[in-house]
Structure formats: C-alpha cells, structure tokens
Amino acid sequence: MALLYTASQNNAYMKIPALMALLTCLACTPRKTTLETALETANSNRPALEKVLKHYAAPADSLKYRAAVFLIANMPAHYGVGGDAVNRYAAVFDQIDTAALLASHLSNEEKSAYGEALLDKYGNPDTTISHHIPDVRQVSAGYLISNIDLAFKAWQEAPWYKKVSFENFCEFILPYRVRDERLEYWRSGLYNEMNFMTPNASDPSNIRSVYDYLNWQLNSETNFNIFFNRYFPFTQSLGDVVKGRIGSCEITSFYATSAMRSAGLPVAFDFIPHWGSTNSSHYMTHLVGDFNTQQLITNENTTKNTWHLVDFSTDIADYRHLFTSAELPSDLYIDYIRTIPKVYRYTFSVDTALAQINQTIPATYICPVFTNTTIRDVTEEYITNTTVTVNLQITAPVAYLCVFDIGGWQPVAISRVNGHQATFTKMGKNVVYLPTIYKNGEHIPAAAPFYLDSLNQQHVFATGNTPQTSLKLIRKFPFYPYTAYHSEILKGARFEAANDTLFTHPVLLGNIDYYPFYMNEIAVNIKNSFRCFRYVAPPNANFEPDNIAEIQFRDAHDSLPLRGKLLGKPGVAGHEINKAFDNNLDSYYQNAENRNGWVGIDLGPGNKARVGSIRFCPRNDTNCILPGYEYELFYWDGHNWVSLGVQIAKGYALYYKAPVNGLYWLRCNSGGREERIFSYKDGKQIWW
Amino acid sequence: MKNIKFLFFIYAISLISCNSNPEKQALLQAKAVYHISDMSYLIAVNNQLAATHYATSLPPDTALYAYIYQQFSLPAELNRLMTNHQIKADSTLYSLFPAIQSHQLKIKDLVCVPASQDEFKLFTENNIQQMIRTILHSSPVSGTSDVEALFNHLYQLDKTFDTEGNIYLPPNDGIPQVFPGWYTRNLLSFFGWRIFKYEKQTILWQCFVNSKTTVLLLKFMDQHIFIATTYPTGKLPSPFDNNTNDLLRSPIALSVMQQLLRPNPLFHLKDLLNHAAFAERNGDSTQAKTYYTNYRTATGDSILSRYANQPAIAATGYIPDNINVFIPFQLDSTTHLQVIGGGQVMATDDYNNAPYQYDNIQFFIHSCAGKPGGDKKDTRVYHFNYRFNKIGGVRDDRLPDSWMKQTRIRYGWDDPTDTTYVLEAAIPWEELPGAQLPPSGLLCANIFIGDSDWNENQRESILSWATKPGQNWEDPATFGTLSFRKPGNGIYSPYTTQPPLVDGKPDTVWQNAAFSAINQPYSNQVSSRDISARFKTLHDHHYLYLLVEVTDNCKNKTGFITKDKCWIEDASTRELVWKLNADSAGPTPWFIREQRISLPAGQYILRYLSDKGYSNEGWYGKPPVNNIYGAALYSISK
C-alpha cells in the first residue's frame, strides 16, 4: 500500500507521524482514497492543501493533522455560491450597515427599501446568475490553517473540552463553513466577540448554560424576523449577516451556529425541510452531544410546550389562558402545535446513503433537496417516529414522501424503491404524506395521500368523487393559539350608552362574559335612545394592550351600523380608533396606553338612536369565512386538486357537498395566502 | 549592440526591482527629502528579506538596542511559552503579583495588553517588562552590539511571530475578512507594538527615540511587510513630538504609508506638518511659516492647525475604528485647557418615549400645600429637557407622558459657562393646579435634576429639592412648600411687579428672590463635580416664574448620541470630569468641538472609545474636512 500523501517528500521522518495519524484516525476520518480524490480534484490548488498537511506533520500536531485530513477529504462536497453578480446584490448589506449606524433604529421596512433601490438598479436577481465555486479550488493554506488553529484554540480552552469528542469537534466545531455561503475569514472575530459574551452565562463553565445563553442572546439581539430573499435570494455570507442583520430563522440560526462554533461549542445547523401542518420550513441550532434532555416531540395536539425542544413547534404561552372545549364553538378547535415530519442536519462529512443514491441513480430521478449529500437525517433526536412502507402505483428508482404546501407538495424524505414498495424510516407521525416519484423536474403522485396516526396506522384518503357528504366550513387555515389569545382581552368588557361624551351617567347595554371568537352579536334590550355609545375594555388588562377588530352598534330599526364622531383613548400609530369601526376584520384598534381603554361614537348634539344589537370581533387572522369574499373548495382526486365550485360567502360559514373521506383545500380567491388542507370529521374541519 | 542589450537588461531589472520594492523607495525618498545622512534598514516581505542596508557610519547605540531587544523579545517569548503550554495563559497575575488587586487579569494580558479601565496603572511599559521578566525568571538582556545584529534579531523574531501558529496574522489570499483587525480591538499594546489602523488594514508600529538615534519599526499585518529602520535623530520630527503619539508625524513612516496605502488628504496634511516641523527645527522659520500657513489654509484654518507646533497636554493621535485609548496626564496646578476633538454623532428621537433619560429638569407641583394627604394622581409634572425645543407634561393620570402641543408656558435656556446651564420658565397660573394663584398662598412642589453623563440617553442620577430617596416621586406629602405671601413658610416666592424676560438670562428682578439648593440625591450618589443645582422662584398675577441653575460636568443635549466617546476622567477616582459632546447632527455624521475648560491640579486620563465606524474608510458619511481624528488638549492662558 503506497502512502498517498507524505508530509514532506524530503524529510522521511515526517512520513511516520503522517502515516500514524492516518492509521489511528480511520474511525473518524474518511479513507485515504477520499483524501487522495480530494487532492486530485483540487488541481492547481493542490499545493495549498498539501501545505496544510505538511504544516501539521509534526507529531505534536497529530490531532490537527487529523482535523486537516477530515476537512480536505470532505472538501469536494462543498462549494460557495458567489460570483460578481452575487457581490453586486450583496452591496445591499453594506448600505444597510451604513444606514444602521446613523439611525438609532433601522426598521425592517427601511432595510427592505435599500433592497428595492438595488432592484431598481439591477433588476430582480435570478439565482442562476450565481456561480458554484468549489472549495478545493479556492481554499488557501492560510485560510485552512487559521481555521484549524482557532477551532482547536476555542475547543481546547473551553471548560467542557473533555466532554466533546474529537468526532463531534470535527463535524460541529471545526468546519470553516456551515453551508454554501461565500468564503470569509469569520472565526477569529466571532471568537473575540463570544469571549465577551460567554462570561455572562449563568454558569460559564457549563456547556448547556453557555449554549442556552448564547443561543438566546444571538437570537434576541439580532431580531432577524423577515424574509429577505426577494432582494438577496442567495445564501448570505457571515459578513452579509453581520452587516445586514436581516432575514428569517435560517439566517439567525446560521449566524448563531457559526458564533457558537467559534466559541468551542459543538453546534449543529438543523432544519425541518417543511412543517407537516403549516407552510414553510424551519432552521435551528442544536447542541450536539450528551447535553440535551431525552424528551421527544410527539406531534400530538396537546398543550404541552415544546418550544425548548424545537422553537416554533408550539405557540403556547404558558401564562395565557388554556381554552377548554366548552369555551370554544363546537366546530372549532385550537392547533397548539406545528407537526414535524423530518429533521435534517447540515454536516461537513458526506452522508454515505445519500452519496450512494446520487452516485448510482440517474440525476433526473433525484429532486434538488437530496442532491446535497452533506445533510443527515436526525429526526430521531427530535420526535417520536416510525417506519412507513408505501405501495406505489407507478415506480422509479427512488420515491419520496411529500407534505402539503400551497406552492405544491414538498418532499421531506427519500427512499430507494424495491419493486413497487418504498420504505421510509424515521417518519414523523400525525402528518399527511403524499408518496411521489420525481422525474424531469416534477413530483408525480405515486399513491393516495394518507395520514400517519400516533399508532403508526396509515389512513388513506379517498380520491373518488362519490359518495358525497355535506360540509360546513368556517375557516381556511388552522386556528392557532396566538389568534385565540386575542379573545382574552375582550372577556369582561362591556358596552355602554350615554347622552354626553364624558359618559357621565352611562347605561349598560351588554357585557362580554365569554371568550368571543370572530364576529359575535349580542341583542340589546334597552328601549331608550342615546347620543353616545362605547366599548369599554376589561379593567387592568394583562398580557396584551386593549385591542379589538370591529364594533358595530346596530340601529334597532334598520340593523345598520351607526356612524358618528369617534371617541375614546387614542390608539397607537396604525391602529387608531377608526380601525374599530371600519367594517374590516383585518384592522384593529390598540390602546396607546395599553390598559383601561375605551372607544365609541358620538352621534352629535341633538341626535339619538336606539341600538338593537351589537356586533363585535376580536383581533384575528381573518382566516375565518368573510362575507362577500370569494372561496373555492377543492378535493384531491389522486393526481390533482379538483374544484367543487366557487362561492361568494353570505355569512360566516360556507356549505359544500364533497366526497366522503376526502382531502380538501379551501382557497380564498379574494386574497390571502394562509391556507391548509383538511379532512372532515364529526362536523369539524381537521387540519393537516 | 550587445552592450546596449545588456544595459537594457540591467535597466529592466532595476525597474522591476524598484517596482517590487516600494517600501525601499519610500525610505530612500524620505531620506533624500529630509537630508538624512545615515539610514540603516531591513525590509522583509512575506517573511523573506527584501532589502537591507547598514550604514557603516552610524555609531551603534547599544543601550537603546538592549531596550528594544527586551521590548520585543519578552512578549513574544511569553507567547511562545503559552503556545507550548509551558505556562498557563489563563493564570491570573494576582498569583504572581499579589499587589495586583484584580483577579481578572491573566498572563496573556501582558502580551495583548488590554486598555483596561481598572488596572491601567499597572500597564506602563516598564511594569510589563518587569512582570514578564519575573514570570520568565530572567534578568534584563544586555542587548546587541550593532544594528545589523539587532535588525536580524528583530527580523527572526518577527518571522517566528508570523509563522509559529499565529492566529492573528491574516493570510494574504484574497478571501475577505468579516472582522478586519479583530485582534487589536480594545488593546493598548499588542506584543509590544503600538497599534495603528487605517481603512481596514492594521499597521503595528513602535518608535524608540533618544537624542542620538531613532529606531522605527513598522509591521503591515495585512500586507505581510516588516520594516526596521534606524537613523540619527537629528532634526527629524518623531511620532512623540509635542506629545501627540501620532505615527504620521514621523516622515519616514508617513512616506512608507503613502507608498503602501490608498492616498488620502490626511497624508498630505501630515506631510505639510512634518515639513513645517522639520524646517522649524532646522532654523528656517520663513519656510516653516509658509508650511504652517499652507497647513492652516488646507485645514480651513481649523483651530487644531493653530496649535500645530505647540506641545499638547494630552492627545489621542489618529483615532481608528474600535479603539480604546487612554492617555494619562498630570496637571501641577489649575490649568486652563483648550480642548479640540471630533467624532461621530447620531440624531435620534428616542426622547419621545423617555425624555427624562436625558439631562432634564422635572418640576412637580400640587395644590395641597398646607393640607396634608393630597392625592398623588393630581400631581402635575413638567419636563424641561436641556436645550430642547419642546416641554413635556403630565397633566393628570389619564394622559401619558407627552410633549405639550398647546401650552402658554414660556421658557428659555442659557449656558453661562461650559459646565453650567440655566432654565428660566414662566408657567401661567391657569396651567397650574387650581388654575389660579392659590388662595392659601401656598403650593407644594419638588424639582428633580436628572443627569446623564457618558450615555446621553441614560439617566445616571437624580438630584431632588425635597423628595427623599425611597419616597414616591408623585406623592405631594414628600414635596417642599412654595410660599407666595411671606417668608418663613417654605421657600418664599416673591411677587414681582416687573415680569422677567424669559430668555435664560436672569434679569435684575431675580435679585429679589433667594436661591435654594437642590442637593438631595434621589437616585444614585453624585458628587458636586458631577452635578449640583439651585433654584429660585418669583410670581405675579399671571405667572409663576422659575429659575434653575445647574452645574453639570457633562451637558447632554436631547436627541444627540455620540457614537464615539471621548472624555477626561480623574485618574484616582475614575470620575468623569468632562466629555466631548455634540449638540447638533447634520447631513454629515461627524462633529468637531472646541471648548475651553479649567481643571485643578491632579492626575487625569484622556479617554477615547471609538466604534466600528470611526476610521478613514469607515466614516459613515464624509470624513471631517480637516485633520481632527481624535482629541487633543492644549494649555492656554485664561
């Protein structure tokens, strides 16, 4: 067996540690052939990579040598997305950085304005303008040495040094990149920054304490909360993030992962390719090693708060009211959770199974998500899961399980096909899946959709149009607790009438003594007429400022909402008093003083009216059925979504005839993007 | 023909060598311009010797060489021992030097010396050397005998620094840096080097000057260039002339930087200054005057240019981004100082949420005087923010703090001195509780003087006239009494037949009222140097007049936040004595302040803390039109 790399061809003794290092670390580093392949792939950059190996050839540096081998051997799988065109659009981050220093606060809208200005100049960015720059061709010796030295320094100086294995160090501290961002020198500066921050953790010697503290700080201080892809649809580099501080959880987690790695914490960058019960994906950091609780998420709709396991997996606020079924309308329930079908982890090493799929199966059958071979399925670290075997009606070398998104079914798992069967491991429960194959750029349904219950049973949805059943539809999207909580701020409120604007002698028209959801109506039995009417929020409201979406004092004679001069405590900008009387459930009034607010109308001197009823609606997501809006119901016929007709809503519910045991999708043609699929059981829409 | 070809070849080679060695050209150019008789130099690029020259006529200065040897060897040696785990970098100095009070300072702090606010006294260069020698159990090094040996030693040392696991040295490979110069952030000294940053490059430097010899060392971290040069001190200006600590005041350094860095008007200004100083030292006062005149013209006759050839009491030198500077200085007697400084400022409207966080006078008033147990919800509060064009009011508990849109309250401000300000206000009775001159002739009231210092929008302390710490600030039972009828019951507010002109400048009618001290610390302890205040009142049938005089070491104008902080502190108490303030923010983010202050005898520190935007390239907007990139103090006659 020939030694594939010698640290120094001129110094024979240097071969020995190199050989020993290679032999002793076979368990954690790729085989030598992988290293050789990488060096060959480097072409003209090969001397730079060899210089790194030579740099660590001394026996005292054997561990660093192994680290260098790990990086170089896996380097062919990595590249940066860059090029002049990308750099041109990346200028927006410099502009934001400059503007942010001059302003005490730069809002996301202001940041977006810089993006718009750049679009005006260069046009909409097209992701095809970017170049993939292979790492083996661009990584310099100095870059790699600097990265390795700083990674070791952070790791070995950390109090938890001995609790982090060399394997986890290589995978989750050592890498010079997290994904396909442009290459930069980042580790040193972040190491410096983290040195200032880590002593503030409650226990700076405890890895979990430091991780929790940094993760919180890096998330809360940066306040990344919007998508910026419209202006920069490429992977942001760390320099972009530091300057722009704008983006979604993907950007926040990428930044936090890099920062914590620079501080010697083994942190993974994990992602949910798509939620099971809501649109979009999610990214998060994860402390790797035996430092975590053994709790797993079940995907069952309970009120258990799982935010600490996966942020955004639940929207429960522990201090808010837990609604009982008796407090909710009979056809409404609250979705407390977002279900998780799969979790993957970005790694630096190559995933063997994915690599083999990509090496042995024609590319036309592999959808883009799974052409990346440096992701690893880590679902079992997060959720209870099971194995699913699916019989396919059509076949291909590999099949997929997809989850619903209004932009189309999205793949979350891949499996080789054996005959007409595909077996998917580690699948999340309580999720609706559609088996597909992928060919020529599109997913083709390969079996009926099904939902996987807690007992691992597959419940297949009917795809025919008969027999039919009656559906009463009240929403187009699940009802989440963050919407339900707004009803809390109305319970205990009252409606009053008076004959002067100071309400010197108010007369009670009605109380709200229950949790109201969406538009409500109470009858008024007071026979007198009055000049002024008002809504008075419950005293000393907690949790959120007084707010209400709509109030209508309806005339006893013609049932029309009364109109008059607006009264009350001023609202905050954008949520003024008029928002409570604009017949628009999407807008709302919010008390500028937070508590003890009131809003009303004054018919004017000499004018009086008798109120027969009062309609009111709490702040909401407007995903209920809105009168006057156009809706269209679809069902899945096995291949496509088939329309069951268009309706203009006349009230706050829609009524349809639809196939029994179908999978449905209610679309609002009048606007909005929040829609999910549902089934129908016991008079309720069941959301998926 | 053959000879011509050969000559052309030689010419071409010489051209290539000239172009490939701009540092050498810069040295030679400076040598010629400043008539330097003997200059030795060593230039290394990427750890390879690029040029050397040893002037044989330059006598060795062995004492200076020995000092330099120590200055550079010991921190590097200490680092080597730490890198090789022979000593622990995180061992605290306390274990070795019990005299050091801090348990935080570590051995590695001797290599990368932090600009510590708490332990600065320990980090004089001699102390550092002493500590390092103790740790290394070594005695002072005798030094090298000639310049070639010294330079070779420094070169080898530099090479070791660059190659032995140096995590600080940025490779020159075109891969961008997210945090350029990160390793010098907030450091006073770095491996024995002083720190200069220009644009995104870091230049380490050190200069040793005695009457005979100057040794100048430069290390361009990002370009991987090391330069050691020595020459007779002669009449050449040095970075330490006039106590400025300004590398650009070295003609040699400036020449090299002009060659290696992007051109900038700042370099030309310094060039003029260096030529002026050189001419002055050589007795050519006419030429010197011409240069100084040109310099003043080029800087727009800035006040700093008028002090160009005067020694500073203290000066920060050129301020780059992310730097933390402290310059200790001593005054043997009360001294009048001209302060000249510049920095960047940001305008903000955060005062809308919390106006009291700025320098602010709050006037609390209630109609319950003489009747105990007044309801605190009826207390009215008026906010007067220093030099601000709006006043805030809480009329009753139903309205939030807000700027008063419609009021007949009149007010004016004045600044009789740099450390005092005066508020004069006329509040109509109808806007006061009771809406009239109270029949009892009494009102209860209190005054808060809110004081922010280092952070303009962060109130650090409150002085109160009557309400004591722990008492509710709205509770009228804690207030003092204003008496409008006769002296003796509370503070007497005389009636005036002649209304004062409300402009902040007290009229003679104010002589009818006596000042009362506002000296009760309500929140945090304050010293008289920090803040003190007094007030008096008058009244007539229409208005209650209020005059408040505040002495404040740091007058912060509402809505302006300095991004770069420059201040003077008392060396023994660490108390803030003076701060560079901005009182406006225009289209350009920078501001320049000229101020005269007076300090009693004592030991002080001039501090400057810059943020990431303070550098020649990093100015957020255009840089200043003149050469004020920091701060300087000059002694003046009153």
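Every value quoted in this text rests on a predicted model; they were computed, and no experiment measured them.

Chemist: Outline the overall build of chain A, supporting the account with residue identities and numerical values.
Modeler: Assigned secondary structure in chain A consists of 15 helices and 31 strands. Projected onto its principal axes, the C-alpha positions of chain A cover 105 × 60 × 50 Å. In chain A, which comprises 688 residues, the share counted as buried stands at 57%. In chain A, the share of contacts with a sequence separation of at least 24, taken over all contacts with a separation of at least 6, comes to 71%. Here chain A holds 59 positive side-chain charges and 64 negative ones, and the gap between their average locations is 2 Å.

Chemist: Please provide a residue-by-residue account of the pattern of salt bridges, values included.
Modeler: All names here are of chain A. Counted by the stated rule, this structure contains 45 salt bridges over all chains. Measuring nitrogen to oxygen at the nearest pair gives 3.1 Å for the salt bridge that ties K64 to D149. You can see K64 sitting in helix 4 (residues 62-74) and its partner D149 sitting in helix 8 (residues 141-157), a full 85 residues away along the chain. The structure contains a network of salt bridges with shared partners spanning D270, R345 and E381.

Chemist: I'd like to hear about the sheet that holds strand 16 (residues 494-498) of chain A, residue by residue, with values.
Modeler: All names here are of chain A. Within the open sheet, the five strands sit side by side as 17-16-19-24-22. Their pairing is antiparallel. Either end of the sheet is taken by a strand with one partner, and the two such strands are strand 17 (507-511) and strand 22 (565-568). Ignoring strand direction, the axes of neighbouring strands in this sheet form an average angle of 20 degrees.

Chemist: Residue-level account of the interface of chain B and chain A, with values.
Modeler: Every contact between the two is made by 24 residues of chain B and, on the other side, 29 residues of chain A. Taking both sides of the interface into account, the surface hidden between chain B and chain A amounts to around 2,400 Å²; carbon and sulfur atoms contribute 65%. In this assembly, chain B and chain A are joined by one salt bridge. The residue A:E193 makes a salt bridge to B:R185 at a minimum N-O spacing of 2.4 Å. In this assembly, chain B and chain A are joined by seven residue pairs in polar contact (both at pLDDT 80 or more). Looking at the side of chain B that touches chain A residue by residue, the class counts come to 13 nonpolar, five polar and six charged.

Chemist: Any chance you could break down the pairing of strand 7 (residues 213-220) of chain B for me, citing the residues and the numbers?
Modeler: All names here are of chain B. Within strand 7, eight of the eight residues are buried, leaving the element largely enclosed by the surrounding structure. In strand 7, alternate side chains face the same way, and those of T213, V215, L217 and K219 on one face and T214, L216, L218 and F220 on the other are all buried. Relative to strand 7, strand 6 (residues 201-209) runs antiparallel, the two sharing seven bridges. The partner of I203 across the bridge, within strand 7, is F220. Between strand 6 and strand 7, which follow one another and run antiparallel, lie three residues. Of the pairings in the sheet, the one linking strand 7 to strand 8 (residues 225-232) comprises eight bridges and is antiparallel in character. Considered in strand 8, the bridge of L218 is made with I227.

Chemist: Talk me through the packing of helix 3 (residues 46-55) of chain A against helix 8 of chain A; I want residue IDs and the actual numbers.
Modeler: Residues and elements named next belong to chain A. Packing of helix 3 against helix 8 brings their axes to within 8 Å, and their N-to-C directions diverge by 40 degrees. Seen along the crossing, helix 3 lies across helix 8 with a hand that is right-handed. Across from A48, L49, K51, V52 and H55 in helix 3, the residues of helix 8 making contact are A141, L144, I145 and I148. Across the contact of helix 3 with helix 8, the residue classes tally to seven nonpolar, one polar and one charged.

Chemist: Tell me about the nonpolar core, residues and numbers included.
Modeler: The biggest cluster of nonpolar side chains holds 171 residues, and the ones touching the most others in it are A:I72, A:L144, A:F169, A:L265, A:W409 and B:F190. For this core, the element with the highest residue contribution is helix 8 of chain A, accounting for nine residues. Dropping the residues within four chain positions of it, B:F190 is found in contact with B:V111, B:C112, B:F161, B:Y168, B:Y183, B:I195 and B:L204. Of all hydrophobic cores here, the second largest spans 63 residues; its members include B:I227, B:V325, B:F560 and B:C566.

Chemist: Describe the environment of A:T352, with residues and values.
Modeler: Checked against the element boundaries, A:T352 lands in helix 14 (residues 352-360). Between the C-alpha atoms of A:T352 and A:I207, which are 145 residues apart in sequence, the distance is 30 Å.

Chemist: Give a description of unusual backbone geometry that names residues and reports values.
Modeler: Residues and elements named next belong to chain A. Of note, the bond from T466 into P467 is cis; its omega dihedral lies within 30 degrees of zero at -10 degrees. The topology assignment puts P467 in the loop between strand 14 (458-460) and strand 15 (468-473). Even without being a glycine, N583 presents a positive backbone phi close to 55 degrees. Within the fold, N583 resides in the loop between strand 22 and strand 23 (589-590).

Chemist: Lay out the packing of aromatic side chains with the relevant residues and their values.
Modeler: Throughout the structure, instances matching the rule amount to 84 aromatic pairs over all chains. Relative to A:Y283, the ring of A:F269 lies with its centre 5.5 Å away and its plane at 20 degrees, an arrangement referred to as stacked. Of this pair, A:F269 sits in strand 3 (residues 267-272) while A:Y283 sits in strand 4 (residues 282-287), and the two are 14 residues apart along the sequence. Judged by its relative accessible area of 0%, A:F269 is buried. Ring geometry for B:Y67 versus B:F208: centroids 5.8 Å apart, planes at 80 degrees, classification edge-to-face. Here B:F208 lies in strand 6 and B:Y67 lies in helix 3 (residues 62-83), a separation of 141 residues in the sequence. Each residue in the set A:F269, A:F271, A:Y283, A:Y344, A:Y346, A:F370, A:Y400 and A:Y438 is aromatic and connected to the rest through ring pairs, giving one cluster. Here the basic side chain of A:R338 rests over the ring of A:Y480, its NZ or CZ set 5.4 Å away from the ring centre.

Chemist: Can you explain the environment of B:N389? Please cite residues and give values.
Modeler: Relative to the elements of secondary structure, B:N389 occurs in the loop between strand 13 (380-385) and strand 14 (391-394). When the C-alpha positions of B:N389 and B:G412 are compared, they lie 9.3 Å apart, and in sequence the two are 23 residues distant.

Chemist: Give a detailed account of the confidence of the model for chain B, specifying residues and quantitative values.
Modeler: Residues and elements named next belong to chain B. On average, chain B scores 86 in pLDDT, and the residues at 70 or more come to 90%. Across residues 9-18, where pLDDT falls below 50, the model places one contact with residues more than four positions away in sequence or in other chains. Interface confidence for the predicted complex, expressed as ipTM, amounts to 0.79; the pTM equals 0.80.

What counts and what doesn't
All chains use their own residue numbering, which begins from 1 and follows the written sequence. Each chain is given a letter, starting from A, and each ligand a number, starting from 1, according to the order in which they appear as written. In keeping with the predicted nature of the model, local features appear solely for residues at pLDDT of at least 70, side-chain atom pairs appear and are counted solely at 80 or more, and the whole-chain, interface and lining totals rest on all residues. Remark: hydrogens and water are excluded; side-chain values derive from all non-hydrogen atoms of the structure. Every helix listed is a DSSP run of H or I at least four residues long, and every strand listed is a run of E at least two residues long, numbered separately from the N terminus. Throughout, exposure labels follow a simple rule: accessible area from a 1.4 Å probe, protein chains only, divided by the maximum for the residue type, with under 20% read as buried, over 50% as exposed, and the rest as partly exposed. By the convention used here, residues are in contact when the closest approach between their heavy atoms is within 4.5 Å. Residues scored as positive are Lys and Arg, those scored as negative are Asp and Glu, and His as well as the terminal groups of each chain are ignored. All charge positions are set by atom: Lys at NZ, Arg at CZ, Asp at CG, Glu at CD. A pair is scored as a salt bridge if a Lys or Arg side-chain nitrogen falls within 4 Å of a carboxyl oxygen belonging to Asp or Glu. In short, DSSP must find at least two bridges between two strands for them to pair. Angles run from 0 to 180 degrees between N-to-C directions of axes, and those axes are lines fitted to C-alpha atoms, restricted for helices to the stretch in contact. Accessible surface is computed with a 1.4 Å probe, and the buried area is the amount of it that two parts give up when combined, taken over both parts together. As used in this structure description, the phrase polar contact means that two N or O atoms lie within 3.5 Å; if the pair is within protein, one of them must be able to donate a hydrogen and the other to accept it, and residues adjacent in sequence are counted only when both atoms belong to side chains. Amino acids outside the nonpolar list (Ala, Val, Leu, Ile, Met, Phe, Trp, Tyr, Cys, Pro) and the charged list (Asp, Glu, Lys, Arg) are all regarded as polar, and Gly is one of them. Two helices cross in a left-handed way if the nearer one is turned anticlockwise from the farther one by less than a right angle. They cross in a right-handed way if the turn is clockwise. The criterion is simple. A nonpolar core is a set of buried Ala, Val, Leu, Ile, Met, Phe, Trp, Tyr and Cys residues joined through side-chain atoms within 4.5 Å. In this scheme Phe, Tyr and Trp rings, the latter by its six-membered ring, pair at centre separations within 6.5 Å, and the angle between planes marks the pair as stacked below 30 degrees, edge-to-face above 60, and tilted otherwise. Think of it as a cone above the ring: NZ of Lys or CZ of Arg counts as a charge over the ring if it is within 6 Å of the ring centre and within 35 degrees of the ring normal. pLDDT is a residue-level measure of predictor confidence that goes from 0 to 100.

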